[in-house]
Amino acid sequence: MNAIKKIAARACAISAGVVFYSQSAWALLPIEHWVEPSGAQVWLVQSPALPMVDVQVDFDAGSRRDPAAQAGLASAAADMVTKGVRAAGDAPAIDENALGEAWADLGASFGAGADRDAFSFSLRSLTDAPLLARAAELASRQIGQPAWPEDVWQRERSRWSAAIRESDTRPGTVAGKAFAKAVYGTHPYGQQVTAETVSKIEVADLRAYAERSLQACRAKVSIVGAVSRPQAQTLVGTLLAHLPSGAPCAALPAVPAVQPLAKAEEINIPFQSAQAYVLIGQPGFKRSDPDFLALLVGNHILGGGGFTSRLTEQVREKRGLSYSVSSQFAPGLNAGAFVVSLQTRPDQAAEALKVSRAVLERFVAEGPTEAELKAAKDNLIGGFALRIDSNRKLLGNVVNIATNGLPLDYLDGWTDRVAALTVADVRAAMARKLQPDRMVTVVLGAQP
């Protein structure tokens, strides 16, 4: 136990550590990719600088695959896999408190989560062989042998329902839900988790969800750390050992495309609040879209670059209509939304909306200036090292490549591709994706 305590202490000491890489150094850390006999796909970056490993196991089982009447199912399952494991063979059951103590003793961390596109497990551990083996086995049990305790789910469901009801009293939540409904329509990206949908989720539903969605042949495993390929293969085999196997898996049902908007829509929501909320937007594009980098640069200039953006200059700096205003794209496996968002005094909402629309329309029509493009490219290229300066950030980039089918050398030429973009490239990409005359506008809490 003393040895474990020392290792755990060492883990705490290095867990916040970062390893810095230049772009040229990244080329020395190529991504290896292979398919396991189980059908699981693996992406590995061998990063020996620290004696630790970060792992993420992803499944195409995010909220976009939730039944509409049970919106929140994936998130509920992610919450409950951390609440205990069942007894299996000689291995005893472990409740949520004992699990927390076990991970603390190992000096490792494990978690689960669900977003709109994926259900994910994450593991971070030192690579000391006995310690990593124990951490992997414990993670494997949580992945494949969750207990789904009824009393804990009743507690969590009540807590979650109360949080939803409280959140629905906030102006930002009300505006955001109205925007999502108008932009996505009936598409799963627009499904709303409510107290009612959560009330329809039972333990049997959680168990059935896991059995059909979390199968070894559907796993995409991303690994960054001080492990060799044989060690990574052993690690993957352990992590997925308790999941149903049998490759190949049947194809998942296709998720429909997000439909473009046919016309403009303005939604005014009366609300007593100190600030009015303004959202302007539409469906955007998939993360795999070849225009991604041009749109990244374009949005940086329009409203994603903070104080250097056009929206900030025109809405905040010149007219004082908002403390902050921004724009962003949220691409995913389906077309995520583009949105311009700001908060302002209720009596200034109409003017802030007018100025924001004008800035957006002009930018889509004309594109950036040469000076704006150079500044944006310099900022993004100069900040590239910060995108890969730790194992955890490297892991996020590997997951991005794995999830969206990007080439293994995607990062190698990233800065060169950004540097090569022209004003015409950015203008054309923005014009292809954005239609200012067909956007949804939500204004909450405005005053005449």
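Reading the values: rules and limits
- Residues numbered from 1 in each chain as written.
- Predicted model: local features only at pLDDT ≥ 70, side-chain atom pairs only at ≥ 80, totals over all residues.
- Heavy atoms only, no water.
- Disulfide = S-S within 2.5 Å.
- Helix = DSSP H or I, 4+ residues; strand = E, 2+ residues; numbered from the N terminus.
- Buried < 20%, exposed > 50% of the residue type's maximum accessible area, 1.4 Å probe, protein only.
- Pairing = 2+ DSSP bridges.
- Axes fitted to C-alpha atoms, helices over the stretch in contact; angles between N-to-C directions.
- Contact = heavy atoms within 4.5 Å.
- Domains from an automatic or database assignment.
- Buried area = accessible area lost by both parts, 1.4 Å probe.
- Salt bridge = Lys/Arg side-chain N within 4 Å of Asp/Glu carboxyl O.
- Polar contact = N/O pair within 3.5 Å; in protein donor to acceptor, adjacent residues only side chain to side chain.
- Nonpolar A, V, L, I, M, F, W, Y, C, P; charged D, E, K, R; others polar.

- An unreviewed UniProt entry lists the protein under the name Insulinase family protein, with Simplicispira hankyongi given as the organism.

Let's talk about the state of the cysteines
Moving on, step 1. Tallied over the full model, the rule gives 1 disulfide.
Moving on, step 2. The disulfide partner of Cys217 is Cys249, and the S-S distance across this bridge is 1.5 Å. Classification of the bridge connecting Cys217 and Cys249 rests on its S-S torsion, roughly 50°, and on that basis the disulfide is right-handed. A residue pair is termed long-range when its members are at least 10 positions apart, and Cys217 in the loop between helix H9 (203-213) and strand S8 (220-225) and Cys249 in the loop between helix H10 (229-239) and strand S9 (265-269) qualify at 32 residues.
Moving on, step 3. Relative accessible area serves as the criterion here: at 11%, Cys217 is assigned to the buried category.

Topic: the sheet that holds strand S7 (residues 119-126)
Moving on, step 1. Judged by pairing direction, the sheet is mixed, and its 6 strands sit side by side in the order S1-S2-S8-S3-S7-S6 without closing on themselves. Of all strands in the sheet, those with a lone pairing partner are strand S1 (31-35) and strand S6 (109-114), marking the two edges. In this sheet, adjacent strand axes meet at a mean angle of 15° when their direction is disregarded.
Moving on, step 2. Of the strands in this sheet, S6 and S7 touch helix H3 (residues 73-80), which is tilted by about 165° from S6.
Moving on, step 3. Strand contacts of helix H5 (residues 129-144): strand S3 (52-59), S6 and S7, with the helix running at about 160° to S7, the strand carrying the most contacts.

Quick look at the domain arrangement of the protein
Interfaces are often described in size by the accessible area the parts lose on coming together.
Moving on, step 1. By the assigned domains, the protein splits into domain 1 (31-240) and domain 2 (265-444).
Moving on, step 2. Each of domain 1 and domain 2 has a C-alpha centre, and the two are 30 Å apart.
Moving on, step 3. The interface is formed by 33 residues belonging to domain 1 together with 34 residues belonging to domain 2.
Moving on, step 4. Summed over both partners, the interface of domain 1 with domain 2 comes to about 2700 Å²; 70% of that surface belongs to carbon and sulfur atoms.
Moving on, step 5. Per-residue buried area on domain 1 facing domain 2 is highest for Ile31, Pro171 and Phe179; these three make up 22% of the total on that side.
Moving on, step 6. A salt bridge links Arg392 to Asp54; the shortest N-O distance between them is 3.9 Å.
Moving on, step 7. The tally of links from domain 1 across to domain 2 stands at 9 residue pairs in polar contact (both at pLDDT 80 or more).
Moving on, step 8. Considering every element that reaches the side of domain 1 that touches domain 2, the biggest residue donor is helix H7 (residues 171-184), with 10 residues.
Moving on, step 9. For the side of domain 1 that touches domain 2, the residue count by class is 16 nonpolar, 9 polar and 8 charged.

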